[in-house]
Amino acid sequence: MEMIEHINNILLDIVNLKRDDKYKFNSADLVILKENLDLLKKNLQTREDTLNIDFLKIKEISNILYGLNKDNLFSRLTDHMSNEFYAFEFLLQENLKKKEI
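Notes on the structure follow. Quick caveat, the model's predicted, so the values are computed rather than measured. Counting starts from 1 at the beginning of each chain's written sequence and moves along it residue by residue. A pLDDT threshold of at least 70 governs which residues receive local features in this predicted model, and a stricter bar of 80 or more applies before side-chain atom pairs are shown or counted, although totals over entire chains, interfaces and linings include all residues. With hydrogens and water stripped out, all remaining heavy atoms of the structure feed into the side-chain values.

**What to know about the nonpolar core**
Stage number 1. Among the nonpolar cores identified, the biggest contains 26 residues, and Leu33, Leu37, Leu40, Phe85 and Phe88 are the most heavily contacted of them.
Stage number 2. For this core, the secondary structure elements donating two or more residues are helix H1 (2-19), helix H2 (27-46), helix H3 (55-71) and helix H4 (76-99).
Stage number 3. Whether two residues are in contact is decided by their heavy atoms: any pair within 4.5 Å suffices. Beyond its immediate stretch of four places on either side in the chain, Leu37 contacts Ile7, Ile10, Leu11, Ile14, Ile61 and Phe85. To qualify as a nonpolar core, a set must consist of buried Ala, Val, Leu, Ile, Met, Phe, Trp, Tyr and Cys residues joined through side-chain atoms within 4.5 Å. To sort residues, take the accessible area from a 1.4 Å probe on protein chains only and compare it with the maximum for the residue type: under 20% means buried, over 50% means exposed, and anything in between is partly exposed. Counting from the N terminus, the helices are DSSP H or I runs at least four residues long and the strands are E runs at least two residues long.

**Structural notes on the packing of H2 against H3**
Stage number 1. To obtain each axis, a line is fitted to C-alpha atoms, and for helices this fit is confined to the stretch in contact; angles are then taken between N-to-C directions over 0 to 180 degrees. Contact geometry of H2 with H3 gives a least axis separation of 10 Å together with a crossing angle of 140°. The pairing of H2 with H3 is recorded here as oblique in orientation. You can see that H2 and H3 cross each other, and the crossing is left-handed. Residues Asp29, Leu30, Ile32, Leu33, Asn36, Leu37 and Leu40 of H2 form the contact with H3, whose own contacting residues are Lys57, Ile58, Glu60, Ile61, Ile64, Leu65 and Leu68.
Stage number 2. Residues are grouped as follows: Ala, Val, Leu, Ile, Met, Phe, Trp, Tyr, Cys and Pro are nonpolar; Asp, Glu, Lys and Arg are charged; every other residue, Gly included, is polar. Looking at the contact of H2 with H3 residue by residue, the classes come out as 10 nonpolar, one polar and three charged. In this scheme, roughly parallel covers angles under 35 degrees and roughly antiparallel covers those over 145, while 65 to 115 is roughly perpendicular and the rest are oblique. Crossing handedness is read from the near helix: turned anticlockwise from the far helix by less than a right angle, it gives a left-handed crossing, and turned clockwise, a right-handed one.

**Describing the pattern of salt bridges**
Stage number 1. What counts as a salt bridge is simple: a side-chain nitrogen of Lys or Arg found within 4 Å of a carboxyl oxygen of Asp or Glu. Evaluated as defined, the whole model comprises two salt bridges.
Stage number 2. Two residues, Lys34 and Asp38, come together in a salt bridge whose shortest N-O distance is 2.7 Å. Placement of the pair is Lys34 and Asp38 together in helix H2, with a separation of four residues, close to one helical turn.
Stage number 3. Judged by relative accessible area, Lys34 falls into the partly exposed class, the value being 38%.
Stage number 4. The salt bridge involving Lys97 is made with Glu94; its shortest N-O contact spans 3.5 Å. With Lys97 and Glu94 both in helix H4, this residue pair falls three residues apart, about one helical turn.

Put into structure tokens, the structure is as follows:
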């Protein structure tokens, strides 16, 4: 469940990002980011097996968050989003290690 909390935090940050006009972002990237996070969240909620994660989506999320953070000079909000995703990736990695034979 902790992994989902990190995704939820990023989704809340997207709302805050769009609400404040001081941030630079590409609307299409935010749509892709939200869709990918929603799919990831749904996958985690419906499956116990984290091996079914689409790692291309993980990479796409990571790339969008990095670009967003860079474009906003590593602002507090965009840095928080990146840190939340880093924490998610760490937990994912730990879960995958436990499943190794």
